[in-house]
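# Commentary on secondary and tertiary structure
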Amino acid sequence: MTMYRRWLGAMVAFILVCLLFMVLKPWVHADGPNIVMKGEISLLWFVIPGFIASYASVSGRIFYPFLGTLCAVLVSTLIHLLYGTELRNGLQMFAYGTSALFWSTSGAFLYWFVALAWQKKRSIRVERYR
């Protein structure tokens with residue numbers, strides 16, 4: 001059962017990141033050949049798949065969401081390069097995918113820290129009543 005839950009985290013991350021990648025459509029926001037480099041707030045949405053995938057994993061709460069996100073970014077970038085528009089080149093899509101990977105892994109770390117803090121809070125509360 002534990003092995004299934006580990007890979008469940010990777011599959012959840014893969015599915016959610018692919019869906020989010022297609023919903024955000026990073027290649028639509030380009031302004032032709034004169035692309036203005038500016039920050040994209042929409043990348044913060046990638047924290048959510050990492051958080052959920054880390055919750056779905058029993059062990060490997062960081063590694064398996066990272067692995068699932070890495071595979072999703074590679075597949076999504078490949079789909080974009082094969083079927084997407086040519087408004088952004090492959091290097092820009094690589095940078096966008098790397099940022100998505102960073103934010104998704106940050107979401108996994110966020111869940112890990114929240115779980116550790118919650119566990120620590122519960123153990124302090126139990127010790128107080130002994």
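Below or above, wherever it landed, is the structure these notes cover. Quick caveat: nothing in here was measured; it's all calculated off a predicted structure.

With that out of the way, let us pick up the packing of aromatic side chains. Counting across every chain of the model gives ten aromatic pairs. Ring geometry for Trp7 and Tyr64: centres 5.1 Å apart, planes at 70 degrees, overall edge-to-face. A residue pair is termed long-range when its members are at least 10 positions apart, and Trp7 in helix α1 (residues 2-24) and Tyr64 in helix α3 (residues 63-83) qualify at 57 residues. When the centroid spacing of 5.8 Å and the interplanar angle of 80 degrees are considered together, the rings of Tyr55 and Tyr111 count as edge-to-face. One end of the pair, Tyr55, is in helix α2 (residues 47-56); the other, Tyr111, is in helix α4 (residues 90-128), with 56 residues separating them in the sequence. Judged by relative accessible area, Tyr111 falls into the buried class, the value being 14%. Pairwise contacts between aromatic rings join Trp7, Phe63 and Tyr64 into one cluster.

Moving on, we come to a nonpolar patch on the surface. Taken together, the side chains of Val75, Leu78, Ile79, Leu82 and Tyr83 make up a nonpolar region of the molecular surface, amounting to roughly 530 Å² of accessible area. Summarising the element assignment, Ile79 is placed in helix α3.

The residue Ser76 is located in helix α3 in this model. The class for Ser76 is buried, based on a relative accessible area of 1%. Those residues in contact with Ser76 that lie beyond four places of it in its chain are Cys18, Phe21 and Met22.

What follows is about the nonpolar core. Within the largest apolar cluster, twelve residues are counted, these being Val17, Cys18, Leu20, Phe21, Leu24, Leu43, Phe46, Ala72, Val73, Met93, Tyr96 and Ala100. Contributions of two or more residues to this core are made by α1, α3 and α4. Sequence-distant contacts of Ala72, defined by excluding residues within four places in its chain, comprise Phe14, Val17 and Cys18.

Let us now look at the environment of Ile62. In this structure, Ile62 sits in the loop between α2 and α3. Accessibility expressed as a relative area gives 22% for Ile62, which makes it partly exposed. Residues Ile62 and Phe109 lie 47 residues apart in sequence; the distance between their C-alpha atoms is 6.6 Å. Ile62 has contacts with Thr105, Ala108, Phe109 and Trp112, leaving out every residue within four places of it along the chain.

Cut-off values and rules
Residues numbered from 1 in each chain as written. Predicted model: local features only at pLDDT ≥ 70, side-chain atom pairs only at ≥ 80, totals over all residues. Heavy atoms only, no water. Phe/Tyr/Trp six-rings, centres within 6.5 Å; stacked < 30°, edge-to-face > 60°. Helix = DSSP H or I, 4+ residues; strand = E, 2+ residues; numbered from the N terminus. Buried < 20%, exposed > 50% of the residue type's maximum accessible area, 1.4 Å probe, protein only. Patch = residues over 30% accessible without salt bridge, like charges linked within 9 Å, V, L, I, M, F, W, Y side chains within 5 Å. Areas by Shrake-Rupley, 256 points an atom, 1.4 Å probe, with all protein chains shown as cover. Salt bridge = Lys/Arg side-chain N within 4 Å of Asp/Glu carboxyl O. Contact = heavy atoms within 4.5 Å. Core = buried A, V, L, I, M, F, W, Y, C linked by side-chain atoms within 4.5 Å.

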